[in-house]
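A look at the structure
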Amino acid sequence: MNQYEIAVLFDPGLEIDLDKATAKIEKIFKDNGGKLTNTDNWGKRKLAYPIKKQEHAIYVFYTVDLPGETVRKVESAFNITDEIIRFLITKPDLKAIAKAEAAKEEKAKKAAERGESADDAKEDNNEEE
């Protein structure tokens, strides 16, 4: 199983009944042996350029574990799904993500150390007065 990030742009007319469309997408994942791990709904946003005569779309991002051989099946299912305006399937660089998380933790650790030393310096100044 490989991890994939899938961005789906839904027709803005589905804003009221988006649950039905997302259930259909999740069913496509499950039918192809996938496991949905995360869903992030960004809501209705303006597109950079019109797609299928639409100025807006509903952005939903999925993180899915899928077997590599079924990605083409998912793509073909998305191509014939009327609710989807556009989609993008990418495989995230897990090493880069882990490296970024480690750098973030290191930066937070250094900031905490500076914060403690700054507090210590303030206490020393207060004791001298």
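All chains use their own residue numbering, which begins from 1 and follows the written sequence. Note on the predicted model: pLDDT of at least 70 is required for a residue's local features to be given, and 80 or more for side-chain atom pairs to be given and counted; whole-chain, interface and lining totals, by contrast, use all residues. Calculated side-chain values reflect all of the structure's heavy atoms, with hydrogen atoms and water omitted.

**Structural notes on the environment of Tyr49**
Our working definition: Think of it this way: any DSSP run of H or I at least four residues long counts as a helix, any run of E at least two long counts as a strand, and we number them from the N terminus. Any pair of residues with heavy atoms lying within 4.5 Å of one another is described as a contacting pair.
Counting through the fold element by element, Tyr49 comes out in strand S2 (residues 35-51). Discounting residues that sit within four places of it in the chain, Tyr49 has contacts with Gln54 and Arg86.

**Thoughts on the confidence of the model for the protein**
Heads up, the rule is: The predictor attaches a confidence to each residue, and that confidence, scored 0 to 100, is pLDDT.
A residue-level look at the protein finds 89% of positions with pLDDT of 70 or above and a mean pLDDT of 85. Element-level mean pLDDT values for the protein span from 72 in helix H3 (residues 94-128) up to 93 in strand S4 (residues 84-90).

**A look at the pattern of salt bridges**
What counts here: The term salt bridge refers to a pairing of a side-chain nitrogen on Lys or Arg with a carboxyl oxygen on Asp or Glu at a separation within 4 Å. To sort residues, take the accessible area from a 1.4 Å probe on protein chains only and compare it with the maximum for the residue type: under 20% means buried, over 50% means exposed, and anything in between is partly exposed.
Under the definition given, this model contains four salt bridges. Its salt-bridge partner being Lys24, residue Glu83 comes within 3.3 Å of it at the nearest N-O pair. With Glu83 in the loop between helix H2 (71-79) and S4 and Lys24 in helix H1 (residues 18-31), this pair connects stretches of sequence that are 59 residues apart. Taking the relative accessible area as the measure of exposure, Lys24 reaches 39% and is therefore partly exposed. With a closest N to O distance of 2.9 Å, Lys27 and Asp31 form a salt bridge. Here Lys27 pairs with Asp31, and both are found in helix H1, just four residues apart, close to one helical turn. Take Lys27 and Asp31: they sit in the same class, and that class is exposed.

**Concerning the packing of aromatic side chains**
Selection criterion: Whether two aromatic rings pair depends on their centres lying within 6.5 Å, for rings of Phe, Tyr and Trp, where Trp uses its six-membered ring; planes under 30 degrees apart make the pair stacked, over 60 edge-to-face, and the rest tilted.
The full count for this structure, using the stated rule, is six aromatic pairs. Taken together, a centroid distance of 5.9 Å and an interplanar angle of 70° make the contact between Phe29 and Phe78 edge-to-face. With Phe29 in helix H1 and Phe78 in helix H2, this pair connects stretches of sequence that are 49 residues apart. For the pair shown, Phe29 and Phe78 are each scored as buried. Judged by centre distance (5.2 Å) and plane angle (75°), the ring pair of Phe78 and Phe87 falls under edge-to-face. Joined through ring pairs, the aromatic side chains of Phe29, Tyr62, Phe78 and Phe87 make up one cluster.

**Quick word on the sheet that holds S2**
Two strands in a sheet stick together by hydrogen bonds in their backbones, pointing the same way (parallel) or opposite ways (antiparallel). Just so we agree on the cut-off: DSSP-based pairing: two strands are paired if at least 2 bridges between them are found. Note on geometry: axes are C-alpha line fits, over the in-contact stretch for helices, and angles between N-to-C directions span 0 to 180 degrees.
Sheet architecture is open: four strands sit in the order S2-S3-S1-S4, paired in antiparallel fashion. In this open sheet, the two strands that pair with only one neighbour each are S2 and S4. For this sheet, the mean inter-axis angle between neighbouring strands, taken without regard to orientation, is 20°. Pairing between S2 and strand S3 (residues 54-66): eleven bridges, direction antiparallel. For Leu36, the partnering residue across the bridge sits in S3 and is Val64. The strands touched by H1 within the sheet are strand S1 (2-10), S2, S3 and S4, with S3 carrying the most contacts at an inclination of about 35°.

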